[in-house]
Amino acid sequence: MNSSPNFIGAMIPAKPETNFVLRCADNAMILGQRLSEMCGHAPELELDLALTNISLDLIGQAGLLYDHVQTLEKLAPNADVLALTRDQNAYLNCLLVAQPNVDFAHIVLRQYLFSTFQKRQYEALLSSSDETLAAIAEKSLKEIAYHIRFAKDWVLRLGDGTEDSHERMADALDCLWRYSGELFEKDSVLAAAIDAGLLTDFTDKYEAWQIEVVALLAEATLTPPDDTHMLKGGYQGHQEDHLGHILTDMQYMQLKYPSLQW
Amino acid sequence: MQSDNWFLYEVFIRSKNGMAHKHAGSVHAQDAETAILSARDLYTRRGEASSLWIIRSKDIIASDPAESGELYDPADDKIYRHPTFYSVPDGVKNM
């Protein structure tokens, strides 16, 4: 294993609090990176900018969170190295955020599912014992409110749109719904972070979240698949290959030119 | 991908309260809601706005460029209509 200080590899935080903040950071980073792939490829110039704006919001959140991870547990010489030089299975994002940009329906549905979850997760951080984390959450919640507004509008519009747009939204829902269970799962790391006062328990909002999302989907003439087997494991580092493809792009510069500065 | 479902909207932004909305440009959108979202994404990225107006471009009534001679030229030689003979008091920011 390469143990140079410019390369983190398989290291995972020891403290549950750090682990939880790294999960939040990786969620924002990986979805931000996914959305950045759309730069120059969205169906319209207006949508191109909308998606890259959301991407930049998320990468900005990730930057703050990686910096904060570093103050909790110094895992790397700097936040760039922490963000960009880990092995695939040392990334602690949920599986949903790494799902590919199959078409615009997948993109807006993924955003809607994630942002409505992220809102509840960050609201649970507002009264955190960690004041920096509470401040990051407060700042991010304004951005998240806009992400929800954008994504929700498109889910409705495309779900209840033409035959083609409806079919694409239904396909996206079939594909992405199975990743929604992980978002509200309380594993031992999250439970320990909650016990430590880092955040309140947002996992009891799962049912309310489902009711809200299913109602919006119904308005968009869409129904989530029955008896879905929920896929989980991202938060524990059991990543799918989709993440590997993201990392190939995302890590290239940092690995090729260690310690590079912009 | 330009089609019959995409319309042109004109965007006006106000930088702060008390100022007038100014034309900033245009966006393509399907309806008023997406037009506002797109205008926000395109024209307020650098903190330019505290308020947005949008209007369908086709709803703007414009003067005919061919008539600009009769409409505007007569004002050219009436310098006494400009308030340039007054000095502006210190402390007045927006005139």
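Residues numbered from 1 in each chain as written. Chains lettered and ligands numbered in written order. Predicted model: local features only at pLDDT ≥ 70, side-chain atom pairs only at ≥ 80, totals over all residues. Heavy atoms only, no water.

(A) Layout of the interface of chain B and chain A. Of the residues lining the interface, 16 residues belong to chain B; the matching set on chain A comes to 13 residues. Of the roughly 1500 Å² buried between chain B and chain A, counting both surfaces, carbon and sulfur atoms make up 52%. Counting the contacts that link chain B with chain A gives 2 salt bridges. Among the ionic pairs, Arg157 of chain A bridges to Asp31 of chain B, the shortest N-O distance being 2.8 Å. (Contact = heavy atoms within 4.5 Å. Buried area = accessible area lost by both parts, 1.4 Å probe. Salt bridge = Lys/Arg side-chain N within 4 Å of Asp/Glu carboxyl O.)

(B) Fine view of the nonpolar core. With 88 residues, the main nonpolar core has Phe150, Val155 and Leu199 of chain A as its most contacted residues. Element by element, the count of residues in this core is highest for helix α5 (residues 131–159) of chain A, at 12 residues. Membership of the second largest hydrophobic core comes to 10 residues, among which are Val11, Ile13, Ala39 and Leu52 of chain B. (Core = buried A, V, L, I, M, F, W, Y, C linked by side-chain atoms within 4.5 Å. Buried < 20%, exposed > 50% of the residue type's maximum accessible area, 1.4 Å probe, protein only. Helix = DSSP H or I, 4+ residues; strand = E, 2+ residues; numbered from the N terminus.)

(C) Structural view of the pattern of salt bridges. Under the definition given, this model contains 16 salt bridges over all chains. A salt bridge links Asp59 of chain B to Lys58 of chain B, with the shortest nitrogen-to-oxygen separation between them at 3.3 Å. According to the relative accessible area criterion, Asp59 of chain B is partly exposed, its value standing at 41%. Looking at Lys58 of chain B, the relative accessible area reads 60%, which means it is exposed. Beyond isolated ion pairs, a larger network of salt bridges with shared partners links Asp103, Asp164 and Arg168 of chain A.

(D) Geometry of the environment of Leu133 of chain A. Its place among the elements puts Leu133 of chain A in helix α5. The residues touching Leu133 of chain A, leaving out its near neighbours within four places in the chain, are Val21, Leu65, His68, Leu125, Ser128 and Leu198 of chain A.

(E) The arrangement of the sheet that holds strand β2 (residues 22–29) of chain B in detail. Residues and elements named next belong to chain B. Ordered by their spatial adjacency, 3 strands build an open sheet running β2-β1-β3, and the pairing between neighbours is antiparallel. Two strands bound the open sheet, and with one partner strand each, they are β2 and β3 (51–56). Averaged over all pairs of adjacent strands, the angle between strand axes in this sheet comes to 30 degrees, irrespective of strand direction. In the sheet, strand β1 (residues 7–14) pairs with β3 via 6 bridges, with the strands oriented antiparallel. Of the residues in β3, the one forming a bridge with Phe12 is Trp53. Helix α1 (residues 32–43) contacts β1, β2 and β3 of the sheet and is inclined by roughly 120 degrees relative to β2. (Pairing = 2+ DSSP bridges. Axes fitted to C-alpha atoms, helices over the stretch in contact; angles between N-to-C directions.)

(F) Geometry of the packing of aromatic side chains. Enumeration according to the criterion identifies 9 aromatic pairs over all chains in this entry. Between Phe104 of chain A and Trp154 of chain A the ring centres are 5.3 Å apart and the planes differ by 85 degrees, which places this aromatic pair in the edge-to-face class. Taken together, the residues span a long stretch of sequence, with Phe104 of chain A in helix α4 (residues 104–123) and Trp154 of chain A in helix α5 at a distance of 50 residues. For the pair shown, Phe104 of chain A and Trp154 of chain A are each scored as buried. Seen in terms of ring centroids, Phe117 of chain A and Phe184 of chain A are 5.6 Å apart; in terms of plane orientation they differ by 80 degrees. Their pairing is edge-to-face. Of this pair, Phe117 of chain A sits in helix α4 while Phe184 of chain A sits in the loop between α6 (163–176) and α7 (188–195), placing them 67 residues apart in sequence. The same class applies to Phe117 of chain A as to Phe184 of chain A, namely buried. Put simply, the rings of Phe114, Phe117, Trp177, Phe184, Phe202, Tyr206 and Trp209 of chain A pair up and form one aromatic cluster. Sitting over the face of the ring of Trp154 of chain A, Arg157 of chain A holds its NZ or CZ atom 5.6 Å from the ring centroid. When the ring centre of Phe7 of chain B is taken as reference, the NZ or CZ atom of Arg56 of chain B above it lies at 4.1 Å. (Phe/Tyr/Trp six-rings, centres within 6.5 Å; stacked < 30°, edge-to-face > 60°. Lys NZ or Arg CZ within 6 Å of the ring centre and 35° of its normal.)

(G) Spotlight on the packing of helix α2 (residues 45–72) of chain A against α5 of chain A. Residues and elements named next belong to chain A. One way to put it is that α2 packs onto α5 with a least axis distance of 11 Å and a crossing angle of 160 degrees. In this view, α2 runs roughly antiparallel relative to α5, as classed from their interaxial angle. As α2 runs across α5, the sense of the crossing is left-handed. For the pair α2 and α5, the contacting residues are Leu47, Ala50, Leu51, Ile54, Asp57, Leu58, Gln61, Leu64, Leu65 and His68 in the first and Thr132, Leu133, Ile136, Lys139, Ser140, Glu143, Ile144, His147, Phe150 and Trp154 in the second. (Parallel < 35°, antiparallel > 145°, perpendicular 65-115°, else oblique. Left-handed = near helix turned anticlockwise from the far one by under 90°.)

By themselves, these are just geometric observations and shouldn't be taken as functional.
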